[in-house]
Structure formats: structure tokens, C-alpha cells
Amino acid sequence: MHLGALFIASHVLASGSVRETARRFQLSPSTVSTAIHNLETELAMKLTERASGELATLIASGRVLEGLGPIMAAIAELGQWAGHDGDGAGIDEAWTSRIPVKIVTMERFLEVADQGSINRAARRLRLGQPQLSLQLANLEKFLRHRLFERQAQGSVLTEEGRRAYQIFMAIGQAWNDLKSSADERYRRTARSLRIGSIIPTGSESWVARCLGTLVSEWNARRNNNAISLVSMTADDLREALKNGRIDVAILDSVFGLESFRHRELLQTDMVVIAPPDSTETSVADLVAGHPICMPSPRTGLGHAAMAFSYERAPNRRLRGQDITAADSLPVIVDLVANHGYVSFLGRVSAMPIADKVRIVDLDEHLPMSYHVAFNHRKAAADACAVIIEVAARITSETVIRTIRPTDAGARETAA
């Protein structure tokens, strides 16, 4: 990675804007985006993301920006030493953002200085001596200072070389501190088993209890793979499984996951949840007389419920205008229990909150199934087996039909 790219990326993290950084340094937005992408790659962590077309910095960016502080100070000193200190009010940002010196070149310069010989350094670095000599010559040319005195017994730092040594050593140490933190995070991530699930209705829901029991039993077995958990919509779970951000997914649809192994976790049916003081006895009257809040069509449940509600209320006044999509089941439950809304859930998710809402059966049986999908890791397959076992145990009293891995109805698909 170039020092100029580090300088650019640091400004993006500080300003939160690619375009502002590009204008300030007179660079193309693509150059600035590449700098921040390269930093994310080097540190193996996401620092920014796009939200509604705008760049948003993540929490981790604050720690990285702090870690870049000593590097930015050393780069400013490098600019002043090289005669690029701007107009007396600070560093020359245009020059600094274009510094082509790579961190690996700095490390090779430090190795030559420590060894006192280009030949010895080249052997240790497993480089050709001409290649290393050329890199040092280019470094001297760029900095406009002679860094070494070539003598019969080796290469000795000049006074300017000693100044460069101090600056490059400060940059190298700060960069190594950043990288070592990233390497440790990578090792933890590699050991971690990442499990994603549909969003639970609350702490009493079968999903939350299933994951809690999984963690407890997994850790009790002293498994080498630590578990990390995340909840999101079915669409997001599919995408996360495809790009490797999670290893196991509990979701209400396996659409688009043909290339992953998946097993049916349990079967249930859809029901309406209504305010506890509501009096309507039919689904049509509930849908017509109450505002609706349900998961968005990005979820399997939301897609099915949206289609069902439209079909059952063709003449509904303001149809669609009072149907709220919320990918937060606790919020949906609160709207139903306390604000007069109705919604749709799988029976298995509705039963644990039966004391908060009315559960009304649909006019016709509408089956639903939940699945667990997982990647090629053995730990993922092991966790999948535990999840199925735990789900069967937890939901046996509330689910009409539970599929256990030993039942004939359990299916496994491998692409």
C-alpha cells in the first residue's frame, strides 16, 4: 500500500466523504474509493458502506483513524523534510496524497540500514541485489536526498538517511500495530462460526430460545469454534450466506440457496395476530377493520402475508396506504398488542406471545416451513444438527408438526 493512499483513506474516514476528499486533493472519486478499499483489504475489515448512495463510516473506522494518527504525523514530517510543506500553513496535501512510496519499500530500506549491506539485506529479503538497489535509487530520487554512502564494507546511512530512518521506522511501527490487530481479528473470525437467523419476535420466541440453547450447549462441549450470532431478513441472510459472511442461516425460505446444503427445520401454518381486545371473528373483518403491519416482502413470511392480505381484502378502503412493512418483529408485536394493528405470523412464532395478542386461524390452512442452510464447513454441519435437535425440543409443545432430522420428512439437499 502507498503512503499516498493511506493519507487519502485517512481523510475519507475523517470526513466521511469520497467526493469531498476527491475535490480537496484534486483526484478522481475512483482513485479515492480505491484507496479506502485497499485499506479495508489490508486490514481485513469493513470501514465504510454505502447507504442511500452516501458513504457511511462504520464504528471500526474510528479505531483505525486513531491508529493512523502516528502515520499521518510521520507523513507530514516526511513532506516537510522533502521540501513539500505547503504554503507555510501545513503540508502540501496534493503532493502528500500522491506519495508513491510503498510500505514494503520502506521496510526494505529499513532492512538495508539495519544490515549495513545491500547484499546481505537482499539475501534476507530473498530479492535480487539489482532489484533492491534500483528500489533504493528510486526512493532517493523521489525524496531528493541521498540516503546511503556506498562503501567497500557496505552501505552506511547518511545524515539525511538517518532522518528518513526515523520517519520510516515510526510509520512502520504504527502500521504493524494496525496490521497485528487486523491479523488477530482475522484469526478470531476464521475460528468463529457465524450464525444468522430470521429476526425473533422476542426473547421468548422459539428462534431466540433455540439460539440461546445452541450457544449454551456448544460452549459446554468446549468446541474449538466460537459462535457469533446476527439476525436479519431472509433476503439478507441469503446474501450473507452466499458471500461468506455467515456459515449457517435459519430462515423462512430457501429460495435462491440451491447451491447450499439445507434441511427443513420445522413446519407450521400461518395465523393472524390481533389486538387482545378485538372482537372480529373472521380474518376478513380483522383485515378490513385494522391497520396492518407485517414483515416486508424481503422475508418469506412477509411475501406470503402481503399476498394473502391483498387477496382477502380487494375492496379495502385506502388499500395499501395503511399497510406498514417493518423488519422488526418485536415492533410488529408491540403494534398489535398495544396500538390496534393486526399482522401475520407462523403459529410457532405466535404461540409464545399468546398472552399479548389474539391468535386467529385463517379461513384456509396456509402451511409454512422454516429451514436451516449451511456451507461446507464441518462446524457448520455440526451446528445445524444441534439447531434441528434444539428446535424440535423447544417447539414440540406448540408446533402442530415438527420435523426431526430422523423423520422421513427431513430433507437434505447438496448442489
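Once that is clear, we can look at the overall build of the protein chain. Regarding its fold elements, the protein chain presents 16 helices and 14 strands. Considering the protein chain as a whole, with its 415 residues, one finds that 48% of them fall into the buried category. Residue pairs at least 24 apart in sequence account for 69% of intrachain contacts in the protein chain once pairs closer than 6 positions are excluded. Counting only carbon and sulfur atoms, one obtains 49% of the accessible surface of the protein chain, whose full area is about 20200 Å².

A few words now on the packing of helix 1 (residues 3–15) against helix 3 (residues 29–43). At a minimum axis separation of 8 Å, helix 1 and helix 3 run at an interaxial angle of 95°. Between helix 1 and helix 3, the interaxial angle falls into the category roughly perpendicular. For the pair helix 1 and helix 3, the contacting residues are Ala5, Leu6, Ile8, Ala9, Val12 and Leu13 in the first and Val32, Ala35, Ile36 and Leu39 in the second. Residues belonging to the contact of helix 1 with helix 3 are distributed by class as follows: 10 nonpolar, no polar and no charged.

On to the packing of aromatic side chains, then. On inspection of all chains with the given rule, the structure shows 5 aromatic pairs. Between Trp95 and Phe142, the ring centres sit 5.5 Å apart and the planes meet at 5°, which makes this aromatic pair stacked. Here Trp95, found in helix 5 (residues 93–96), pairs with Phe142, found in helix 8 (residues 129–143); they are 47 residues apart in sequence, far enough to count as distant. Of the residues examined, Trp95 reaches a relative accessible area of 14% and is grouped as buried. Look at Phe142 and you get partly exposed, because its relative accessible area is 24%. Taking the centre distance of 5.4 Å and the plane angle of 55° together, the rings of Phe109 and Phe148 count as tilted. Placement of Phe109 in helix 6 (residues 103–115) and of Phe148 in strand 3 (residues 148–151) is noted, with a sequence separation of 39 residues between them.

Time to look at the environment of Leu132. You can see Leu132 is positioned in helix 8. Put simply, Leu132 and Ile118 are 14 residues apart on the chain and 7.3 Å apart in space, counted from C-alpha to C-alpha.

Next up on the list: unusual backbone geometry. Despite not being glycine, Arg126 has its phi angle at roughly 60°, a positive value. As for its placement among the helices and strands, Arg126 is situated in the loop between helix 7 (118–125) and helix 8.

Turning our attention to empty space enclosed by the protein. Per the counting criterion, the structure on display carries 1 cavity of 30 Å³ or more. Taken as a whole, the largest cavity holds about 180 Å³ of empty space. Considering the residues around the largest cavity, the lining is formed by 20 residues, among which Ile198, Ile199, Asp252, Leu301 and Leu329 are closest to the centre. Split into classes, the residues belonging to the lining of the largest cavity amount to 12 nonpolar, 6 polar and 2 charged.

Okay, the pattern of salt bridges next. Scanning the entire structure with this criterion turns up 15 salt bridges. Among the ionic pairs, Arg393 bridges to Glu217, the shortest N-O distance being 2.6 Å. Separated by 176 residues along the polypeptide, Arg393 in helix 16 (residues 378–395) and Glu217 in helix 10 (residues 206–220) bring together distant segments of the chain. Judged by relative accessible area, Arg393 falls into the partly exposed class, the value being 41%. Between Asp269 and Arg347 there is a salt bridge, and its shortest N-O distance comes to 2.8 Å. With Asp269 in strand 8 (residues 261–274) and Arg347 in helix 15 (residues 347–350), this residue pair connects regions lying 78 residues apart in the sequence. We note that Asp269, like Arg347, is buried. Several salt bridges share partner residues, and in doing so they unite Arg194, Asp247 and Arg377 into one network.

What counts as what
Residues numbered from 1 in each chain as written. Predicted model: local features only at pLDDT ≥ 70, side-chain atom pairs only at ≥ 80, totals over all residues. Heavy atoms only, no water. Helix = DSSP H or I, 4+ residues; strand = E, 2+ residues; numbered from the N terminus. Buried < 20%, exposed > 50% of the residue type's maximum accessible area, 1.4 Å probe, protein only. Contact = heavy atoms within 4.5 Å. Areas by Shrake-Rupley, 256 points an atom, 1.4 Å probe, with all protein chains shown as cover. Axes fitted to C-alpha atoms, helices over the stretch in contact; angles between N-to-C directions. Parallel < 35°, antiparallel > 145°, perpendicular 65-115°, else oblique. Nonpolar A, V, L, I, M, F, W, Y, C, P; charged D, E, K, R; others polar. Phe/Tyr/Trp six-rings, centres within 6.5 Å; stacked < 30°, edge-to-face > 60°. 1 Å grid on protein atoms, 1.4 Å probe; cavity = no way out; pocket = protein on both sides within 12 Å on 5 of 7 lines; lining within 4 Å. Points joined across faces, edges and corners; volume = space filled by probe spheres on them. Salt bridge = Lys/Arg side-chain N within 4 Å of Asp/Glu carboxyl O.

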